[in-house]
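Single-letter residue listing:
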Amino acid sequence: MENVKEILAASIFEVFERMFFIFLEPGGPAPIPDCEAAIRFDGPRRGTMRILFTRPVARLMVRNLLGLDNGAVTEPHVADCVKEAANMVCGNFLVHLDATKTFTMTLPEFSARPGQPPDDRRGVVSFDFDCDAGKMRVELTMETGGRA
Amino acid sequence: MSFNLLIVDDSSSMRSVVKKIVDLSGVGVNQLLEAENGRRALEVLGDNWVDAVILDINMPEMNGLELLQRMSEDALLKNIPVVMMTTEASEAHVKTAFELGAKGFIRKPFLPEEVRRMLLGVLGFDEKGDYGERQRDPGGVDF
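Throughout this description, residue numbers start from 1 for each chain and increase along the sequence as written. Key to labels: chains lettered from A, ligands numbered from 1, both in the order written. Restriction of local features to residues with pLDDT of at least 70 applies here, the model being predicted, together with a cutoff of 80 or more for giving and counting side-chain atom pairs; totals for whole chains, interfaces and linings are based on all residues.

### A word on the overall build of chain B
Consideration 1: Per the convention used, a helix needs a DSSP run of H or I reaching at least four residues, while a strand needs a run of E reaching at least two, with both numbered from the N terminus. Counting its regular elements, chain B contains 6 helices and 5 strands.
Consideration 2: When the helices and strands of chain B are placed in sequence order, the string is β-α-β-α-β-α-β-α-β-α-α.
Consideration 3: Whether a residue is buried, exposed or partly exposed follows from its count of other C-beta atoms within 10 Å of its own C-beta, namely 20 or more, 12 or fewer, or something in between, respectively; the C-beta atoms are built from the backbone. Within the span of chain B, comprising 143 residues, buried residues form 38% of the whole.
Consideration 4: Contact between two residues is assigned when their C-beta atoms, built from the backbone, lie within 7 Å. Across chain B, the fraction of contacts at a sequence separation of at least 24, relative to all contacts at a separation of at least 6, is 61%.

Rendered as structure tokens:
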């Protein structure tokens, strides 16, 4: 699991720095998030990745990615960017985990009402981050089994 | 010289980012077309002359590899250069894409320069941005 944590952290930093120009720092537990995107993957390992944001961070992602002023950012922009972030972090993580294996990913789903974290924390890797605009969290749930 | 390009990605944000990169690339663009999935891309390809396609994989309705398969089976579409631009970059995905005729593969997250360089390459520009050198000297083979 330590290996998984290292790979996940590197994948998150790479996506946020390259695509969103956001430099994350490890942070304390996030306040109640405002939105999330979730994506499931299947293959040699099966699991779910959730990325939870406070609204200022989500809006900063949109502004940086699309070069928009804060006033021009809309809810559809936020939903699309948050979903694409989950798609990129998950895909990047799986390639770094084992590029010789084939994983399939679902389409990412956006929610403006994030669910509760899983009660059973076994197999869950989570990271909390700070950036200039606020906080975000990434949760990876790895299930046992998966497609051979 | 100006080109018609098609960007196929279900994320409107990613389509906007690629459009900006293309605008800044120095490539002359006549039309920058968009589609949000493979099925819609087939309609666009049926209605327009397209010089190159930038194609995501993970999309609803018809994914990028399915579109590539359909293009490879169509005499009018199979020679259009396609650059994959996707997070799904396992060795098997890359191999399948090239077997189906893709001319390039860019993994997300990408740097704008990677997209620019790949696009110039498939459109026949050399590394200095001169058009046609690459076509006149395929692979630098000395006869």
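### Re the pairing of strand S5 (residues 104-107) of chain B
Residues and elements named next belong to chain B.
Consideration 1: Note on pairing: DSSP must find at least two bridges between two strands before they are called paired. Bridge analysis of strand S4 (residues 82-86) against S5 gives 4 bridges, and the strand direction is parallel. Within the sheet, the bridge partner assigned to threonine 86 lies in S5 and is arginine 107.
Consideration 2: Crossover connection from S4 via helix H4 (residues 91-99) to parallel S5: handedness right-handed. A clockwise path from the first strand over the helix to the second, with the strands pointing away from the viewer, defines a right-handed crossover.

### Digging into the interface of chain A and chain B
Consideration 1: Each side of the interface is counted separately: chain A has 23 residues, and chain B has 18 residues.
Consideration 2: Residue assignment for the side of chain A that touches chain B shows that the elements contributing at least two residues are helix H1 (2-20), helix H2 (55-66) and helix H3 (75-97) of chain A.
Consideration 3: The greatest single-element share of the side of chain A that touches chain B, amounting to 10 residues, is contributed by H3 of chain A.
Consideration 4: The residue inventory of the side of chain A that touches chain B, partitioned by class, reads 11 nonpolar, 6 polar and 6 charged. Each residue is assigned to one class: nonpolar for Ala, Val, Leu, Ile, Met, Phe, Trp, Tyr, Cys and Pro, charged for Asp, Glu, Lys and Arg, and polar for all the others, Gly among them.

### Section: helix H5 (residues 112-122) of chain B
Residue and element names in this part refer to chain B.
Consideration 1: Among all positions in H5, only Val115, Met118, Leu119 and Leu120 are buried.
Consideration 2: Tucked into the core, H5 has its buried residues touching helix H1 (12-24), strand S3 (52-55), S4 and S5.
Consideration 3: One or two steps after H5, the chain reaches glycine 124, where phi turns positive at roughly 95°.

### What to know about the environment of glycine 115 of chain A
All names here are of chain A.
Consideration 1: Inspection of the secondary structure puts glycine 115 in the loop between strand S5 (109-111) and strand S6 (124-131).
Consideration 2: Its 10 C-beta neighbours within 10 Å are what place glycine 115 among the exposed residues.
Consideration 3: Between the alpha carbons of glycine 115 and methionine 142 there is a distance of 18 Å; along the sequence they are 27 residues apart.

### Brief notes about the nonpolar core
All names here are of chain A.
Consideration 1: Each nonpolar core comprises buried Ala, Val, Leu, Ile, Met, Phe, Trp, Tyr and Cys residues, the members being joined through C-beta atoms within 7 Å. One finds Ile51, Val82 and Val89 to be the most contacted residues of the largest nonpolar core, which totals 77 residues.
Consideration 2: Residue contributions to this core peak at 13 residues, all from H3.
Consideration 3: Other than its neighbours up to four places away in sequence, isoleucine 51 contacts Glu36, Ala37, Val82, Ala85, Ala86, Val89, Met136 and Val138.

### Examining unusual backbone geometry
Consideration 1: Going from lysine 108 of chain B to proline 109 of chain B, the amide bond is cis rather than trans, its omega being 0°.
Consideration 2: Take proline 109 of chain B: it is sitting in the loop between S5 and H5.
Consideration 3: With a phi angle near 55°, phenylalanine 21 of chain A is a residue other than glycine that sits in the positive phi range.
Consideration 4: Structurally, phenylalanine 21 of chain A is set in the loop between H1 and strand S1 (25-26).

### Topic: the confidence of the model for chain B
All names here are of chain B.
Consideration 1: Predicted confidence across chain B gives a mean pLDDT of 89, with 90% of residues reaching 70 or more.
Consideration 2: Across residues 136-143, confidence stays below pLDDT 50; counting only partners more than four residues off in sequence or on other chains, it has 0 contacts.
Consideration 3: This complex was scored by the predictor with a pTM of 0.89 and an ipTM of 0.88. What pLDDT expresses is the predictor's confidence in each residue, scored from 0 to 100.

### Points about the packing of H1 of chain B against H5 of chain B
Residues and elements named next belong to chain B.
Consideration 1: At a minimum axis distance of 10 Å, the contact between H1 and H5 shows a crossing angle of 65°. Where H1 crosses over H5, the two elements pack in a sense that is right-handed. Of H5, the residues touching H1 (which contributes Val18, Ile21 and Val22) are Pro112, Val115, Arg116 and Leu119.
Consideration 2: Here the residues of the contact of H1 with H5 are counted per class, giving 6 nonpolar, no polar and 1 charged. Here the axes come from fitting lines to C-alpha atoms, over the contacting stretch only for helices, and the angles between their N-to-C directions go from 0 to 180 degrees. Two helices crossing with the near one rotated counterclockwise from the far one by less than a right angle form a left-handed crossing, whereas a clockwise rotation gives a right-handed crossing.

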